[in-house]
Amino acid sequence: MAMDSQVFWKSNVTTEIREFLKLAVPLASAQVAQASVGFVDTIMMGHLGAESLAAGGLASTTFQLLLNTTSGIVMAVSPLVAEAYGAEQKTQITQIARQGLWLSLFLSIPMMFAIAQLDTVMLLLGQQAAIVTLTAQYFNFILWGIFPALGFAMLRGYVSALSQAQIVTVIVIIGTLFNIIGNYILGFGKFGFPRMELAGLGLASGLSFWLMFLMFLVYTLNHPQLKEYQFLRKLHRLKPQILKRLIAIGTAIAVTIALEYGLFAVVTFLMGILGTEVLAAHQTVYQTMYLIFMVPLGMSYAVTARVGQWFGQQDFKSARRAGYISITIAAIFMIVTAIALVIYRQQVIGIYLDIHNPANVNVLTLAVPMLIISAVAQLLDGVQRVAMGALYGLQDTRIPMLLSGLAFWGVGLTSGYLLGFPLGLGGVGLWTGQSIGVAVAGVIFVWRFHRLTASCNSVGYDQCDRLPPL
């Protein structure tokens, strides 16, 4: 297997920054492009009316929670392939990718069933019947895009671990443009198509998942470097041991994602209890922060690959360097965006709603303080996500899962509920509480990465995976 000796056998700050950015830029760009679908959806929902904005935002948030959580399981492909790539184990790479594709299929079936039942769950959680009826229209169509969405996530982790992530941006941009055009045509009934509103947005999103997955699959089978790993050959051969390892690592990642995104989803439900205007204000802030968060999320995929490759090389000093460089770059980016959001807060809200329309005054009044709080808190949010990605590169997933529960739910949700309801701060209190939880997670994950890389470096590769929890 051809290896770049400068990448694998020499490590310095300049080289690491260059190699990290080579992965992080396309992955972050792809994440932003993909998340812009929800961003554009929210804008279109706003033009359909405040009720559609509230319902569509609730549906989109819930769907993303389930999809991102399930995608966490197939994300285990990335650290395992990165380790095999660093250790020059070509056969292992092929087998991991093959089992990752099977895992995507196995997971999609129960996911589709769960999404089909979400309207009933929402009613039980106290959401308004009119809102739930609208969300069901969205769910009934987008659920058909679950398998390609999971398959795409698996392929993204696979090519990232092999340092071949450049194509991801191109594929996602094409899929995003397809989705935006489809949303416009199907949502508003253009060019002779019926006006499907939220159902049309769900259908367009599902079709875009299929387009991106098929394009990505064709690319991996024909790329000069990637085609040597013909994982579709002998596809019928299941490897229970590899599947078991993927599930073991991936389940911990999925639970961690569920705890994080679940916090935001529960806060969204609590916003709905406070009223339609509070929920609409929350959606404008949440969609903005979610879009920005895609950059450190893409960086986290890149650092998982970089740390994982050094893990395969048994070089923990370089793994630590890779982790800290990525955390620093993420922090700088988040500081810049936080300043911009505070300065242009009204203009940001104006993207979603006509701020000069008297009917939107209450929503604007509620949204501005939420945006300021979230802008300040997003610094540690970006840091915690990238630090978590560095831990995944070391295949350290179970302890971060437990720490996430403590930070996001024990601290974040509890403080948010107390501030929002008993103390009467409403939506601002809920945003403040979840921001506190994210900040705690950021500190914990950086501390753990520092301790774990120091311990691995001192005891050596063979004993690192048997270290006691730190």
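Structure shown above.
Below or above, wherever it landed, is the structure these notes cover. (Residues numbered from 1 in each chain as written. Predicted model: local features only at pLDDT ≥ 70, side-chain atom pairs only at ≥ 80, totals over all residues. Heavy atoms only, no water.)

### A look at the packing of aromatic side chains
Part 1: Scanning the model with the defined rule gives 11 aromatic pairs in all.
Part 2: Arranged with centres 6.0 Å apart and planes meeting at 55°, the rings of F147 and W210 form a pair that is tilted. Separated by 63 residues along the polypeptide, F147 in helix 8 (residues 146-161) and W210 in helix 10 (residues 198-222) bring together distant segments of the chain.
Part 3: When its relative accessible area of 34% is taken as the criterion, W210 is described as partly exposed.
Part 4: Aromatic ring contacts, followed pair by pair, group F147, W210 and F213 into a single cluster. (Phe/Tyr/Trp six-rings, centres within 6.5 Å; stacked < 30°, edge-to-face > 60°. Helix = DSSP H or I, 4+ residues; strand = E, 2+ residues; numbered from the N terminus. Buried < 20%, exposed > 50% of the residue type's maximum accessible area, 1.4 Å probe, protein only.)

### Some details on the environment of L379
Part 1: Tracing the chain through its elements places L379 in helix 15 (residues 361-393).
Part 2: Owing to a relative accessible area of 27%, L379 belongs among the partly exposed residues under this scheme.
Part 3: Remark: the alpha-carbon pair of L379 and F333, spanning 46 residues in sequence, is separated by 8.4 Å.
Part 4: Ignoring sequence-local partners within four residues, the contact set of L379 consists of A331, M334 and I335. (Contact = heavy atoms within 4.5 Å.)

### Let's talk about the nonpolar core
Part 1: F63, Y158, V168 and Y261 are the most contacted members of the largest nonpolar core, which has 150 residues in total.
Part 2: Top element by residues in this core is helix 12 (residues 276-312). It accounts for 22 residues.
Part 3: Ignoring sequence-local partners within four residues, the contact set of Y158 consists of V77, V81, I93, A97, T220, L226, Y229 and F231. (Core = buried A, V, L, I, M, F, W, Y, C linked by side-chain atoms within 4.5 Å.)

### Overview of unusual backbone geometry
Glycine aside, negative phi is the norm for most residues, and most peptide bonds take the trans geometry.
Part 1: Residues other than glycine seldom take positive phi values, yet E88 does so here, at roughly 60°.
Part 2: Position of E88 relative to the elements: it lies in the loop between helix 4 (77-86) and helix 5 (90-116).
Part 3: Positive phi, normally seen in glycine, also occurs at F191, with a value near 55°.
Part 4: For F191, the location among the structural elements is in the loop between helix 9 (166-188) and helix 10.

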